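What follows is each chain in one-letter form.
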There are 2 protein chains.
Amino acid sequence: MNSSLSTPERQPERIKSLGPYTFEQFKDLAGSFHGYPAPGLLIGGVMVSLARSRVQPDTLFDALVETSKCLPDAVQLLTPCSTGNGWMKVLDLGRYAVTLYDKYTGQGWRAHIHVDRLAAWPGIRAWFLKLEPKQSQDTIRLFQEIQQAGWDYMALQPVRVRKTWLGKAPSGAVAVCPACGEAYPERHGSLCRACAEGEPFVRIRTP
Amino acid sequence: MNSSLSTPERQPERIKSLGPYTFEQFKDLAGSFHGYPAPGLLIGGVMVSLARSRVQPDTLFDALVETSKCLPDAVQLLTPCSTGNGWMKVLDLGRYAVTLYDKYTGQGWRAHIHVDRLAAWPGIRAWFLKLEPKQSQDTIRLFQEIQQAGWDYMALQPVRVRKTWLGKAPSGAVAVCPACGEAYPERHGSLCRACAEGEPFVRIRTP
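Reading the values: rules and limits
- Residues numbered from 1 in each chain as written.
- Chains lettered and ligands numbered in written order.
- Predicted model: local features only at pLDDT ≥ 70, side-chain atom pairs only at ≥ 80, totals over all residues.
- Heavy atoms only, no water.
- Salt bridge = Lys/Arg side-chain N within 4 Å of Asp/Glu carboxyl O.
- Helix = DSSP H or I, 4+ residues; strand = E, 2+ residues; numbered from the N terminus.
- Buried < 20%, exposed > 50% of the residue type's maximum accessible area, 1.4 Å probe, protein only.
- Contact = heavy atoms within 4.5 Å.
- Buried area = accessible area lost by both parts, 1.4 Å probe.
- Polar contact = N/O pair within 3.5 Å; in protein donor to acceptor, adjacent residues only side chain to side chain.
- Nonpolar A, V, L, I, M, F, W, Y, C, P; charged D, E, K, R; others polar.
- Pairing = 2+ DSSP bridges.

## A closer look at the pattern of salt bridges
Part 1 of the reasoning: Counting across every chain of the model gives 17 salt bridges over all chains.
Part 2 of the reasoning: Residues Glu 66 of chain A and Arg 95 of chain A are paired through a salt bridge, measuring 2.9 Å at the closest nitrogen-oxygen approach. Linking Glu 66 of chain A in the loop between strand 3 (61-65) and helix 3 (71-78) with Arg 95 of chain A in the loop between strand 4 (88-90) and strand 5 (97-102), this pair joins segments that are 29 residues apart in sequence. When sorted by exposure, Glu 66 of chain A lands in the same class as Arg 95 of chain A, which is buried.
Part 3 of the reasoning: Here the salt bridges share partners, and the residues they tie into one network are Glu 66, Arg 95 and Arg 110 of chain A together with Glu 182, Glu 199 and Arg 203 of chain B.

Here is the structure:
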């Protein structure tokens, strides 16, 4: 399964910067955006930097993230792609991996955690594979190891994202739902999806 | 359908601040995070501010967004909730509405666009209901109208988010997929979802 893996050419000795930020600045930014500087977000920052190092600077790229945990926030902090602009897609495949790809051709680079290469990084390995209870985790040491390791335990592979995943469906005309009175995309049908399929909440009557 | 709607008590004459930012600062932040200061993101900022004005300051709240377009980024910029920390859920119901709710009880406030009240704001109405082609949109005037209108054309309602939407499923133990060699949540089955259901990309062999 590793025959087509591309190993990064350059393994930084120690991560100095992530995008326009120093490692410390990114840690602070991660804390303010994400609520706390989660190890997964810092590892995500390294991973996004790795994938982005192969994308040509003038490429308009989208992001495809294979887990909903932490990594999407690294993409949002270090690239123009976000949940709200639709340039980042999150699939809950459960794998800690991200692909940055040309939004027109689908050609891009996928970075992921290479489990075998984690052997050299016991703190990251224990965290990633959940080998130790969270309470006994030495967070400061883990952060140091993340910075020290760089992308040593990651792998990069060229991929081509399938056509069905490229572009956005045009949202089209807007209708007003006869049941709730709110606007929704006409293509959803004669009622909005919330009225057709149920709402995730109960409305509380006010006196 | 409007019997249980709560109208905001205070309709600001002109939006001066959105969270810790001035309107202008938020516009700049929206531009850098989202790629451009989309009208939907500015309206989203006003909407998030409206919902948040009713949440008690010491409440740990989650966010439920009913559209994937623009509004999620307003939530991410103005609250601690993000895609990667799991405190924001995005449902593609197609309605421009957000609920901020106590993450333990589900009690919260839902803000949405009140279509009838848009009559007083023709620029926002034309944009929201897509009554004019994008090319003929006067963006500067639209931004001014958004700032002027405040939350005049929005409505707020107390809701209780259903129990099935509260909390996060614990991710549990980690397994290594025998097919791709990557780590994934053991509860997904004997293969990771990507290997079981297919990948959204084609792997390109390197020479």
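## Structural notes on the interface of chain A and chain B
Part 1 of the reasoning: Listed per partner, the contact involves 70 residues of chain A and 70 residues of chain B.
Part 2 of the reasoning: Between chain A and chain B, roughly 5900 Å² of surface is buried when both sides are summed, and carbon and sulfur atoms account for 55% of that area.
Part 3 of the reasoning: Contact with chain B buries surface across chain A, with Arg 95, Pro 200 and Phe 201 of chain A losing the most and accounting together for 12% of the total.
Part 4 of the reasoning: Linking chain A with chain B are seven salt bridges, by the criterion used here.
Part 5 of the reasoning: Between Arg 95 of chain B and Glu 199 of chain A there is a salt bridge whose closest N-O contact spans 2.7 Å.
Part 6 of the reasoning: Applying the counting criterion to the chain A and chain B interface returns 32 residue pairs in polar contact (both at pLDDT 80 or more).
Part 7 of the reasoning: It is strand 7 (residues 154-161) of chain A that contributes the most residues to the side of chain A that touches chain B, five residues altogether.
Part 8 of the reasoning: Residue classes in the side of chain A that touches chain B are distributed as 36 nonpolar, 20 polar and 14 charged.
Part 9 of the reasoning: Bridge analysis of strand 7 of chain A against strand 10 (residues 201-203) of chain B gives three bridges, and the strand direction is antiparallel. Pairing of Arg 160 of chain A across the sheet is with Val 202 of chain B, part of strand 10 of chain B.

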